[in-house]
Every structure is written in C-alpha cells, then in structure tokens.
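Inside the fold
Here's the letter readout for the chains.
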Amino acid sequence: MKLNYLALIFYLTLTSCTYTNQDGNSPRQTMILKEGWKFKKGNFIQAIQPDFNDSDWQSVSVPHDWAIYGPFDKEIDKQVVAITQNNETNASEKTGRTGALPYTGQGWYRNTFSIPDLDNNKKVILQFEGAMSEPEVFLNGEKVGEWKYGYAYFYFDISHLAKPSNNTLVVKLNNREKSSRWYPGAGLFRKVSLIVKNKQHIKQWGNFITTSNISPEIANINIKTQAVGKNLDLKIQIYNKDGELVTRHSTKEISNELFNQNIKIKNPVLWSPESPYLYSAVISLYSNGQHVDQTEEKFGIRSIDYSKEKGFSLNGRVRKFKGVCLHHDLGPLGAAVNKSAIKRRLKILKDMGADAIRSAHNMPSFEILELADEMGFMFLAESFDEWKKPKVKNGYNLYFDEYAEKDIVNLVRATRNHPSIVMWSSGNEVPDQWSKDGVERAKWLQDLFHREDPTRPVTVGMDQVEAVMENGFGAVMDVPGLNYRVNLYEKAYNTFPQGFLLGSETASTVSSRGIYKFPVKEGSMVKYEDYQSSSYDLEYCSWSNLPDEDFVLQDDKPWVIGEFVWTGFDYLGEPTPYDEVWPSRSSYFGISDLAGLPKDRYYLYRSRWNTQDETLHILPHWNWEGREGKITPVFVYTSYSKAELFVNGISQGIRVKNDSTPQHRYRLMWLDVKYQPGELKVVALNDDGKAITEKTVVTAGKPYKIVLESDRRLLKADGKDLAYITVSVVDKAGNPCPKADNQLNFSVERNATFKAACNGDPTSLEMFHIPTMKLFSGKLVVTLQSSNEVGEAVLKVDGDDLEGATLKIETKN
Ligand code: GAL
C-alpha cells in the first residue's frame, strides 16, 4: 500500500515525466523523460549551470529531431567527394547526400525533474537509447559522462548527483559535417529514461534469457541474472501470452553476482514470424527476505541453426530470409522514433510477405525490436558502417578504437532477450575488408559478440568480394554476407568454408512511384531531366542489380540462405543516381516510397513472398495523352504464372512465366502494347486456361474530387499515436488520377494535430510539417497525431478546383 502511495506522489510531482511503472508493487520505477524539454541550436556552454535562463528556448518533447523541420538547403553538408565504394575516382559535389537538412552543429537540451522518494539507499540510472551525436551529459552543473556514436545505447549511474527535487539535466550534442552517408537526424531522437531502484538490485540489462533443448513436450529456459546485494534470493514467474502463470522458480545460489537458473516449460509454444508467441518472465530479487527489485522480460522460445548441410533453420525448419534493409529515419517524421510509425511500416512489410529486417547500418531502436518480437520479423541487428578506415571523414572511424567494444557490449546486453534477433552484424562494406588488419578486426569484433552472446552468429555485409575471398576476411565470418555481386555468389560459395551465403544486401533497384519512362529498357545509373527513375523496375546502380537476378539465386541455390533487399522504404539522403544534382534529397531505392506508399516493385516482391494472398498488379497507369498508337509496354506482377491482357477488350495475347530471362521468370510482360485510352485489363489464368481473377486500370478524366483513406479509425489518446491518411484525387467517375499534382491544404480540428505530409517525391523541397503539399503521381500521405484528449479528430483537405474531403477519427484511452 505504502509503495502505491509513493508511486502516486512520484507521478504527481514529476510534471516533466511520464511515469511508466505498470506494477504499483514494483520496487523499481522507470520514468520516461518525454515532456518538459527545452531545446536550442548553437553553442551554449553556460547552459550547463542549473540557474541558466532557458525561457526563450523552444519547448520540445523527446524523442525529437531538430533537423527535420528544415528548410532543405543544398549547401548543408555539401560533400565534395569521390565515393570510392561506388567505384568513383574523381571527387564531385554531392548535394543532398545527408538529406540537405540542418543536422550539423551543436544542439542543447535541458530538463528538470524530481525524484521525491530519493534517499541514500537508491540507485539512479539515466539511460539514453541513442543521442545524435557525441552526447555530453550534465546533471546539476556537473558532467556525468559522454559518449560518441549517435546510434549507441548507453547509461550513466547518476546516484551521486541526483537530488529529490530540482534536478537540472543538460545534454549537449554535436554533429560534424561529413559524418554520414545518409540523413542521420539530430538530437535526442530516441527515449531518455530514469530508472530508480534500490542499492540492492538487478544490474542494468542484467538478465539474459536463452532457450534450448526444445521439443513439443518441453523446452529449457536458461535465465542468467546479474544482481548486487546481500543475502539475495531470486524468484521467477513465467507467464504465457494470456497472462497465465506457467511456472515459477526460485533460487538462492549466486556466484560472482550471477544467478543461473534452468527452468522447464511444458508444451512450449514456439516463436516464429508466422506465430510470434511471447512469454514473459517476472524476475524478483529479495534481500534478507525483502522484495528489493523486479524486472519483466519478454522472451520467445525458438531455436536457430546455421549449418553447412541445411543453411538456416528456425525451429528445425529450413527457410530463407525474405528480408529488407531499413534505415532508422521515418521519412517525414525524421529520425525521432515513434512506435506507431514503425508499426505501420511493419504492417506494410507483413502484407508484402517479408519476414526479416536488417537495421542498416546501426543499432535498431528498442521500439522496432519490440514490434519485431510481437508482429513476427526475424532481425539482423547491425552495429557499424565503418570501422577504423573511413568512408566519410568524420564517421565512426573517429571513435572506433575507443568505443567499438563498449558499443557492441551495450548493443548485445540491451537487446539479447529479443527472440526476433537471429543474427548480429559487426559491419557493412567496411573499407577494412581490403587489409590484413581488417581481417584481424573482423575476428576481434566477432569474438566480442560471441563473448557477450554465444547463441547467435555474426555477419558482415561484404562488397569487396574478390578481396575477402583472397585475404581470408570472408572465411572468418560465421555468416558470410554478400552485398550485391550476384555474379560472384557461386565463386564465393566455393571459396568460403561455411557452406552457405547470405544476400546481406540485394537489388538496389531505383524507381519513383508512378513514374514511367520510354522507351522501356534496362540500364545502370540511368538519369532523366526530371530527376526521377522509372517504375518499370529495370534501373539499378553500377554496383547493383535487378530484383529478378536475386530471385534466381534464392530459388536455384539451396546454399543461399535468403536476402535483405536495399531497401524496404525510401529514406532521407543518398539520392543515387542523382546525388550530384539538386534538388534530389532522398533515396530512390525503396520498395515503398518515403511516404510509405507502395511502388510497383512492392507487388513484385509480394507476388513471391506473400504466399497466403493473391497478387495481381498492372503497370503502368493508363493515362498517356500524346502516346496514342505508341509502344507502351505493360508489366503484370502476379502470384499466378499465366495471364491474358486486353486493351479496350482486344486481346494482347497470353503470357506465361518462363525461364528465358530472369525478368520473364518473375514478371509477365507485354512489350509491344500500343497505347489507346480506355481500359487495360489483365485476366489471370489457371493451367487449363480458365480465368481465375482479373484487374482493370482505366484512363482517368480530369481531377475532380479529393478522397481520403485512413489506416486507422481509432487512435489511442496518448499524444503519440498516429493515423496515416492516404490522400488521392479521382475524376468525376471515381477513377484515380495517376498524374494529379494539385497543391492541397490540410487542417486538423479537435483531438489531434497535423504531424506531417509526404508525397514520396525525392525532389520535393516542401517541408513535411507545413500543412500544404502537392500531390505526387496522384497521391500523398498526411499523418495525424493524437492528443491526450478523448473524443474525435477531424481532418479537412482542400485544393483549388477540387471537391474537398473530410475524415473523422476517434481518439480513446
Ligand atoms: C550499399 C550500401 C548501402 C547503400 C547502398 C545503395 O553499397 O551498403 O548503405 O549505400 O549501397 O545502393
């Protein structure tokens, strides 16, 4: 009772904090420092002092990305460089490489908090899940500590400096120019939390849960817990997904501050992408019989195996990764992490049939790992894009010697209980691949991962395939990962000892949603005057390839254990093939665009990855005024192997997938269709030639009316939940207008706020947070954020000469 009362006082006093302790009886409290932050960009060394007047600083909530509000500016972090890993030999001006958003320079954050029940018996931990970058942390005028890598998780023990009230927390961040190859974001872009516990406690990230000897009847759960204190004993209760107690266990045996328990679970329900079943372990620490600490860990029961004979198996079943690489930014929201935004992305990937994610090229957010566990995605958790040799002048090479071990230790300890993580990656295309030192470094890093976690293998995404075959780098890795280089797979497989290969990065095909170029032809680094790439999905980079070539390897080579496509979604920065021209400022690689809208390629992957649902998708759109009578090829991405195409009812012939080229094997293509306005219809056929299903695309008339479609009808009134509303324009008959580019205006009333708009155009310089934007290829997406109030939110969208639209969304607790 007493503890409940204290928790209540704690909550009421800490106006700057959200109290997140779910169990009123828990002797530990976790507060997320979300509200009450003050922020200013610039150099403010005097802000360290508690009495500093920050009243003119901006009020922000954390997670926060100071750079996403722009404006875009080609001069920001303009890099005059030769990108050697892209085979460039001459330096040229790269605008937009890091997104052309103002992420460089210093940014300062201040917050005040209280810990009313603080006494000498308490331990206070301040945890950062990432801080971009080079964080220096001060409490009550004293320096607490510092870190370097913006993506790293780290924490400080602040017990000696914390007071019951009026604690002034100050964080200085600094982003150097030329420190990234993509948009890194800026600021406290992930959660900051305070953990208040007793001096006798479970250590930070001190639980390690692994599962073994799994059979349908029984599974062994090993739980190691690091704890400090006197006369300790530990009690563990394991609950199933429905919150029912499955088993309990207790022990007093502790050696070197480590409890090591083996617990059996009968009839275990296994975790897999198809059935992401989670258990939870409530771990309670007692000292002299008094309850002194408690943590709760979610875990899954699953086995992973990588073998010469079978490749990769999950729970004894051989399977191949159907994965995508993801950068951490959330498009129009920037790098500020938001669980609701990630969840939407993961839903889109699920529908496509993906079952795996690689966090390119750094530590994943805690939120994406929680969702991967819950929604069922296997995870390749990566750490670095650079080791000791630079790719960019001020990249991780500056910190490698001092921080690599610390960063890996924290990555593993903080995330090792996630069943979704099935592999670690110590690096991506590191230039160290070339050298003997690099081979030693690869071994050293891999050994660190093994020391911290003996249960998972380690990979590196390798692009210098000839070199790593030669110098032994590739042979060191638990899992040899190849980035592109489809022509070298066979040779690498024969050279490396492991007996299997992973496509750690594949495709890098480029396209702009809804844009089609003629004549239709395959090409590398193809550029057009409008700085867009064609959605016929035949354009790639000088180092990369088309999806179909990866599919051939995945399908024909049992020793290829899967692929991670570059990338699931477009991201800010790296606008290849337009990195030398302005205003390109975001990528063209995504299977879906920056707004999360599927490009045509989405359906190509869906047609082979989603084995539950049918896919039948036609491209291009059918609005080609001026192309009458001209060759306008039609592609169909489908889970069916045969189909007939009709233009205005006239058959264009039947196509059957065949092995003549990789494209003919995975796409149905009518290359000589002549455009006539009207109706394009595809009919999928079974082996006997009978129609199974059909899809139609028609030539639309003039834009007439705005249409809104929300992914959510109900939002949680927690100030964080998001609804994504796809805005499109239709003609009088209701047909989508695929070329509409009207300027639209948005207003939001009542219990939500306008968060962002994004149209997926990599060349647009309109800012995401301003409530007006042009449609791109007939569409854009508006994001609304719930307030803390229960009720209704209303979005209104209008545009000149268009019938406007209104959408209502409910907000609930
Ligand atoms: C890879 C690299 C990625 C991205 C990609 C673009 O070589 O690992 O980070 O740059 O190329 O194709």
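Keep in mind the model is a prediction, meaning the values are calculated, not measured. (Residues numbered from 1 in each chain as written. Predicted model: local features only at pLDDT ≥ 70, side-chain atom pairs only at ≥ 80, totals over all residues. Heavy atoms only, no water.)

**Quick look at the overall build of the protein**
For the protein, the helix and strand inventory stands at 11 helices and 50 strands. C-alpha atoms of the protein, sized along the principal axes, occupy 85 × 60 × 55 Å. A buried classification covers 62% of the 813 residues belonging to the protein. When contacts within the protein are restricted to residue pairs at least 6 apart in sequence, those whose partners lie at least 24 apart make up 69%. Looking at the protein as shown, the accessible area adds up to about 30,800 Å², and 47% of this sits on carbon and sulfur atoms. In the protein, 98 positive and 103 negative side-chain charges are present, and the distance between their average locations comes to 3 Å. (Helix = DSSP H or I, 4+ residues; strand = E, 2+ residues; numbered from the N terminus. Buried < 20%, exposed > 50% of the residue type's maximum accessible area, 1.4 Å probe, protein only. Contact = heavy atoms within 4.5 Å. Areas by Shrake-Rupley, 256 points an atom, 1.4 Å probe, with all protein chains shown as cover. Lys, Arg positive; Asp, Glu negative; His and termini not counted. Charge placed at Lys NZ, Arg CZ, Asp CG, Glu CD.)

**Quick look at the pairing of strand β16 (residues 232–239)**
Relative to strand β20 (residues 279–287), β16 runs antiparallel, the two sharing 8 bridges. Among the inter-strand pairings, L234 is bridged to a residue of β20, identified as L285. Count of turn residues in the β16/strand β17 (residues 245–251) antiparallel hairpin: 5 residues, of which G243 carries a positive phi of about 80°. (Pairing = 2+ DSSP bridges.)

**A look at the sheet that holds strand β46 (residues 752–758)**
Across the sheet, which stays open at both edges, the 4 strands sit in the order β42-β44-β48-β46 with antiparallel pairing between neighbours. Strands at the two margins of the open sheet, each flanked by one partner only, are β42 (705–710) and β46. Recorded for the sheet is a direction-independent mean angle of 30° between the axes of neighbouring strands. Two strands pair when backbone bridges link them, and β42 and strand β44 (residues 722–730) are joined in this way by 6 bridges, in the antiparallel orientation. (Axes fitted to C-alpha atoms, helices over the stretch in contact; angles between N-to-C directions.)

**Regarding helix α2 (residues 339–352)**
Given a rise of 1.5 Å per residue, 14 residues ought to cover 20 Å, and the 20 Å separating the end C-alpha atoms of α2 matches this to within 8%. Buried within α2 are the following residues: S340, A341, I342, R344, R345, L346, I348, L349 and M352. Where the residues of α2 are buried, they touch β25 (321–326), β26 (356–359), α3 (366–375), α10 (600–609), β44 and β48 (779–786). N-cap assignment for α2: the residue whose side-chain oxygen lies 2.8 Å from the backbone N of S340 is N338. (Expected span 1.5 Å × (residues − 1). Polar contact = N/O pair within 3.5 Å; in protein donor to acceptor, adjacent residues only side chain to side chain.)

**A short note on the side chain of T459**
Tracing the backbone shows T459 in strand β29 (residues 458–462). You can call T459 buried: its relative accessible area is 1%. A distance of 2.6 Å separates a polar side-chain atom of T459 from the backbone oxygen of V479. Setting aside residues no more than four positions away along its own chain, T459 makes contact with L380, M423, W424, S425, S426, G427, M477, V479, P480 and G481.

**Regarding the pattern of salt bridges**
Overall, the coordinates contain 53 salt bridges when judged by the stated rule. Across the pair R28 and D293 runs a salt bridge whose closest N-O atoms are separated by 2.8 Å. Residue R28 is found in the loop between β1 (18–19) and β2 (29–32), and its partner D293 is found in strand β21 (residues 290–299); the two are separated by 265 residues along the sequence. Taking relative accessible area as the criterion, R28 reaches 11% and is therefore assigned buried. Between D548 and R667 there is a salt bridge, and its shortest N-O distance comes to 2.8 Å. Of this pair, D548 sits in helix α9 (residues 547–556) while R667 sits in the loop between α11 (662–666) and β39 (668–670); the two residues are 119 residues apart in sequence, bridging distant segments of the chain. Residue D548 is classed as buried on the basis of its relative accessible area, which comes to 0%. Each of E136, K143, E146, K148 and K172 takes part in salt bridges that share partners, so that together they form one network. (Salt bridge = Lys/Arg side-chain N within 4 Å of Asp/Glu carboxyl O.)

**A short note on the sheet that holds strand β35 (residues 616–619)**
Strands in a sheet are paired, the pairing made by backbone hydrogen bonds, and the direction either parallel or antiparallel. Pairing is antiparallel in the open sheet, where 3 strands are placed in the order β35-β36-β39. Taken across any chain shown, the strands that pair with only one partner, and hence form the sheet edges, are β35 and β39. Averaged over all pairs of adjacent strands, the angle between strand axes in this sheet comes to 15°, irrespective of strand direction. Its contacts with the sheet put α10 on β35 and β36 (634–638), and the angle it makes with β36 is roughly 40°.

**With respect to the environment of I650**
Mapped onto the secondary structure, I650 falls in strand β38 (residues 650–656). When its relative accessible area of 57% is taken as the criterion, I650 is described as exposed. Measuring from C-alpha to C-alpha, the distance between I650 and R416 comes to 59 Å, with 234 residues separating the pair along the chain.

**Thoughts on the confidence of the model for the protein**
Residues with a pLDDT of 70 or more make up 97% of the protein, whose mean pLDDT is 95. Element-level mean pLDDT values for the protein span from 30 in β1 up to 99 in β36. This model gives residues 1–24 a pLDDT under 50, and the stretch forms 49 contacts once residues within four places in sequence are excluded. (pLDDT = per-residue confidence, 0-100.)

**Section: unusual backbone geometry**
Of the consecutive residues W566 and T567, the connecting peptide bond is found in the cis state with omega at -5°. Phi at N140 takes a positive value of approximately 50°, unusual for a residue other than glycine. On the basis of relative accessible area, N140 is assigned to the buried category, the value being 16%. Within the chain, E574 stands out as a residue other than glycine whose phi angle is a positive 45°. With respect to the secondary-structure elements, E574 resides in the loop between β34 (560–566) and α10. Given a relative accessible area of 14%, E574 falls into the buried group.

**Considerations on the pairing of β2**
What you see with β2 is a clean split: Q29 and M31 sit on the buried side and T30 and I32 on the side with no burial. Direction of pairing for β2 relative to strand β13 (residues 192–198): antiparallel, over a ladder of 4 bridges. Residue M31 lies in a different strand from β13, and its bridge partner there is L194.

**Overview of the packing of α2 against α10**
It is at 8 Å that the axes of α2 and α10 come closest, and there the two elements cross at 55°. Regarding the angle of α2 to α10, the classification is oblique. For the pair formed by α2 and α10, the contact residues are I348, D351 and M352 on the first element and Y602, Y605, R606 and W609 on the second. Taken together, the residues of the contact of α2 with α10 sort by class into 5 nonpolar, no polar and 2 charged. (Parallel < 35°, antiparallel > 145°, perpendicular 65-115°, else oblique. Nonpolar A, V, L, I, M, F, W, Y, C, P; charged D, E, K, R; others polar.)

**So, the site of the ligand**
Around the ligand, the structure places R181, H361, N428, E429, N483, Y484, E505, S508, W543, W566, E574 and F589. In the environment of the ligand, an oxygen atom lies 2.5 Å from a nitrogen or oxygen atom belonging to the side chain of H361. Here an oxygen atom of the ligand and a side-chain polar atom of S508 are 2.6 Å apart. Relative to its unbound accessible area of 310 Å², the ligand is 99% covered by the protein chains. By residue class, the composition of the shell around the ligand is 4 nonpolar, 4 polar and 4 charged. (Near = heavy atom within 4 Å.)

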